[in-house]
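# Secondary and tertiary structure notes
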Amino acid sequence: VSVTKKMNKIFRTPKLQMIIFLLLLSISAIIHYSFISYLQAFLVALVSTIMFDLAFLRLRKVALFFPYSAIITGVIIGLIASPYLSWYQLIITAGLAMFSKNYLLFKNRHIFNPAAFGLFFSHLIFSNTISWWAVSWQQLNVQNLSAIIYILILLLPGLVSIVRMRRFVNILAFYITYALLNQTIFDPTAIFFAFVMLPEPMTTPSKRTDQFLFGISIAVLSFIIRFPLPDVFTPVLLLGNLIFITIKVKSRMNI
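All of these numbers come straight from a predicted model, not from anything done at the bench.

## Overview of the packing of helix α2 (residues 14-33) against helix α8 (residues 157-164)
- Axis separation between α2 and α8 bottoms out at 8 Å; the angle between their running directions is 160°. With respect to α8, the axis of α2 lies roughly antiparallel. Residues P14, Q17, M18, F21 and L22 of α2 form the contact with α8, whose participating residues are P157, V160, S161 and R164.
- Class assignment of the residues belonging to the contact of α2 with α8 gives a composition of six nonpolar, two polar and one charged.

What follows is the structure, given as structure tokens:
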């Protein structure tokens, strides 16, 4: 009975649930494309992220723990970075992400979304592509049952963000604003961003009023600066993280 309770407790962990749903999404995308190179790139990103996180924890003399966050970050990088990147570009992307998580901190919490940080600065260094390959092909098609299944898999991470992480207001404010500004109802890339990257609990507000303002701000910023950039979501999220932490610091200093 005690073992069963422990297992139930583990599987009720929001981060583990997110990992499971993201892995299902990964499998569905790799099956869809049927390219072994996609799987290889995905595994390089995932393993590199875990190894960098463990190494940085040791360097910081922090007790090692199961790397839930590193796995999530690695999967996100594997799903978004171009699968045609070289192995060293993927490794450096993972290293940048984990450097951000371990060293760019405020009150022992990372400031920037690690995956967005690694992807964006890797793009600046190598001029490589942020392709969103695994979360941009799902399209509504009522005549195709497999398409509906793929869309449901895409939506699964939202259960964790909305129910377990309580970021419903954040997600809804962003997506409604984004949909109105871009005149679109279903955008798989924006859905993944809204369900997985936007509500990352360490770097986003917990109060509903702040979530509302944060979500709207990210959507408006993404609309304003979308044309000069090949990918808008990663830099806008980093900018939102920076604004959020700046406001938080000023409020603590009573400025």
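From this point, things continue past the structure.
## With respect to α8
- Residues of α8 that are buried: P157, G158, V160 and S161. For α8, the angular spread of the buried residues around the axis is 160°, confining them to a single face.
- Looking at the packing, one finds that the buried side of α8 touches α2, α7 (145-155), α9 (168-182) and α10 (188-197).
- After α8 finishes, the residue R166 shows a positive phi value of roughly 55°.

## Some details on the pattern of salt bridges
- For the structure on display, the rule yields one salt bridge.
- Between K101 and D53 there is a salt bridge, and its shortest N-O distance comes to 3.1 Å. In this pair, K101 is assigned in helix α5 (residues 87-103) and D53 in helix α3 (residues 36-59), connecting sequence segments 48 residues apart.

## A look at the packing of aromatic side chains
- Under the criterion given, the structure shown has 25 aromatic pairs.
- Measuring from centroid to centroid gives 5.5 Å for Y33 and W133, while their planes differ by 65°, and the two rings are edge-to-face. One end of the pair, Y33, is in helix α2; the other, W133, is in the loop between α6 (114-126) and α7, and 100 residues separate them in sequence.
- Relative accessible area serves as the criterion here: at 21%, Y33 is assigned to the partly exposed category.
- Residue W133 is classed as buried on the basis of its relative accessible area, which comes to 5%.
- Ring plane angle 15° and centroid distance 4.4 Å describe the contact between F193 and F233, whose orientation is recorded as stacked. Linking F193 in helix α10 with F233 in helix α12 (residues 233-252), this pair joins segments that are 40 residues apart in sequence.
- We classify F233 as buried; its relative accessible area is 6%.
- Through a chain of ring-to-ring contacts, three or more aromatic side chains come together here, namely Y33, F35, Y38, Y84, W133, W137 and Y150.

The rules behind each value
Throughout, a residue's number is its position along its own chain's written sequence, starting from 1. The predicted origin of the model limits local features to residues at a pLDDT of at least 70 and limits the giving and counting of side-chain atom pairs to 80 or more, whereas totals for whole chains, interfaces and linings rest on all residues. The side-chain quantities take in all heavy atoms of the structure and omit both hydrogens and water. Comment: axis = line fitted to C-alpha atoms, over the contacting stretch for helices; angle = value between 0 and 180 degrees taken between N-to-C directions. Secondary structure follows DSSP: runs of H or I at least 4 residues long count as helices, runs of E at least 2 residues long count as strands, and numbering of each begins at the N terminus. Between 65 and 115 degrees an angle is taken as roughly perpendicular, under 35 as roughly parallel, over 145 as roughly antiparallel, and anywhere else as oblique. Here, residues are in contact when the closest pair of their heavy atoms is within 4.5 Å. Each residue gets one of three labels, nonpolar for Ala, Val, Leu, Ile, Met, Phe, Trp, Tyr, Cys and Pro, charged for Asp, Glu, Lys and Arg, and polar for the others, Gly among them. The rule is simple: take the accessible area with a 1.4 Å probe, protein chains only, and divide by the maximum for that residue type; under 20% is buried, over 50% is exposed, in between is partly exposed. Of all possible arcs, the one meant is that of the directions from the helix axis to the C-beta atoms. Salt bridge, as applied in this entry: a Lys or Arg side-chain nitrogen positioned within 4 Å of an Asp or Glu carboxyl oxygen. Only rings of Phe, Tyr and Trp enter the pairing, Trp through its six-membered ring, and a pair is recorded when the two centres are within 6.5 Å. The plane angle decides the type: under 30 degrees is stacked, over 60 is edge-to-face, the rest tilted.

No statement about biological role is implied by the geometric values presented.
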